[in-house]
Amino acid sequence: MTTRQLPLDGLKVVEIGQLIAGPFATKLLGEFGADVIKVEPPGAGDPLRKWRILEEGTSLWWHVQSRTKRSVTLDLRSEEGQEMVRRLAAEADVIVENFRPGTLEGWGLGYETLSTINPKLIMVRVSGFGQTGPYRNKPGFGVIGEAMGGLRYLTGHAGEPSVRVGVSIGDSLSALYAVIGTLLALQERQRSGLGQEIDVALYESVFAMMESLLPEFDATGHVREPSGSALPGITPSNAYRTREGEYVLIAGNGDSIFKRLMGVIGREDLANHPAMAHNDGRSQHASEIDAAIEAWTQTRHRDDILNALDDARVPAGYPYTAADIANDPHYLAREMIQTVTRADGRPLKVPGVLPKLSATPGRLGQGGPQLGAHTDDVLEELGIDAATRDKLRQAGII
């Protein structure tokens, strides 16, 4: 952990959300110095505590998603809990929430109310479909955003059911846009002295990644289709079977890279073919090129293939498993495998901090906090005495 001042030191962030998109955004802010106060319902807490693989009743994911945060329990359906949030908002710089639109307004915690209390407040709102529009009230998890955003249709093989990306990519992309929006709003606040709302929709965050999908349709009527491991219109870039039945990924789509690749596989005829000098021509011969490459890879071991391509400066790799990642020397050298300490003192390997800043690198912090571990500390900072906290606890509000 660095002892140097971090870029977001002094920034107070209140997280009123659960699961992935909003909490992932606050995780990133916390890693660069923000004091993140995570508000959870008493009793169960954030459902993510019980997602994926559990150890001693707590999700291992929790220790990635909630490191650097302080956990406070508040019943937001109670008047007392809502008043606590208003008091937090009065001192906060940023609130991040990912409830369905209108939920906070129903609790008297909408931006119009909170910004009256604190005009400098920035509220980041992450939802499936945004705060406006005909779909605003529909429930929307990441997988639905990925589908509506166009990603799900393209993921898979032609003629087969679409498949999901193996992680919650729609939520994570939305979290990145939420962080970008937060930083932009903080910069604007330097000029105006005022906060603002940031409206992030899951489907829009995915749609923003879809490259030329829309203009291709608008200009030519072309509907991009799923293509398995290939990348249509960018050739060669595909997965190729090895002698042992594994796969290597080869990206030989640069003009000079293509020539070097063809030299490695002994196909100078393709390297020097006038029609294949540039990507547009190669894309018309993608099947022929892919067949030539796989004819070469199928006779060789994966490591031999990768070594030969490394020597020729041709981008190549293979699909890493968790075991590959945990033991890779480059991951280790780049400090992308780090260790946090859980509440019981046990270590746990987790991903490192991104992005990497030379002067003010981020912090890792401890593992995810126990439910309500910081309730007393945070409420005391708000001036709420021990007797009042005891009454709130007995009433089930904290």
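Refer to the structure presented above.
Residues numbered from 1 in each chain as written. Predicted model: local features only at pLDDT ≥ 70, side-chain atom pairs only at ≥ 80, totals over all residues. Heavy atoms only, no water.

**Let's talk about the sheet that holds strand β10 (residues 247-251)**
Okay, so step 1: Strand order in the open sheet made by the 3 strands is β9-β10-β11, with antiparallel pairing throughout. The open sheet has two edge strands with one neighbour each: β9 (237-241) and β11 (316-317).
Okay, so step 2: The pairing of β10 with β11 spans 2 bridges and is antiparallel. Bridge assignment links L249 to a residue of β11, and that residue is G317. (Pairing = 2+ DSSP bridges. Helix = DSSP H or I, 4+ residues; strand = E, 2+ residues; numbered from the N terminus.)

**Thoughts on unusual backbone geometry**
Okay, so step 1: The linkage connecting T235 with the following residue, P236, adopts the cis geometry, with an omega of -5°.
Okay, so step 2: Considering the arrangement of structural elements, one finds P236 in the loop between α10 (213-220) and β9.
Okay, so step 3: Residue P355 is reached from L354 by a cis peptide bond, and omega for that bond is -5°.
Okay, so step 4: When you line up the elements, P355 lands in the loop between β13 (347-351) and α18 (375-381).
Okay, so step 5: Backbone geometry places E56, a non-glycine residue, at a positive phi of 50°.
Okay, so step 6: Looking at where E56 falls in the secondary structure, it is placed in the loop between β3 (54-55) and β4 (58-59).
Okay, so step 7: With a phi angle near 75°, T68 is a residue other than glycine that sits in the positive phi range.

**Focus: the pattern of salt bridges**
Okay, so step 1: Across all of its chains, the model carries 29 salt bridges by this definition.
Okay, so step 2: For R86, the salt bridge identified is with E83, shortest N-O distance 3.2 Å. Of the two residues, R86 and E83 both sit in helix α3 (residues 79-91), 3 residues apart, roughly one turn of that helix.
Okay, so step 3: The exposure class assigned to E83 is partly exposed, which follows from its relative accessible area of 35%.
Okay, so step 4: Here R125 makes a salt bridge to E97, at a shortest N to O gap of 2.7 Å. Linking R125 in strand β7 (residues 122-127) with E97 in strand β6 (residues 94-97), this pair joins segments that are 28 residues apart in sequence.
Okay, so step 5: Within this structure, E55, E56, R342, D344 and R346 form a network of salt bridges that share partners. (Salt bridge = Lys/Arg side-chain N within 4 Å of Asp/Glu carboxyl O. Buried < 20%, exposed > 50% of the residue type's maximum accessible area, 1.4 Å probe, protein only.)

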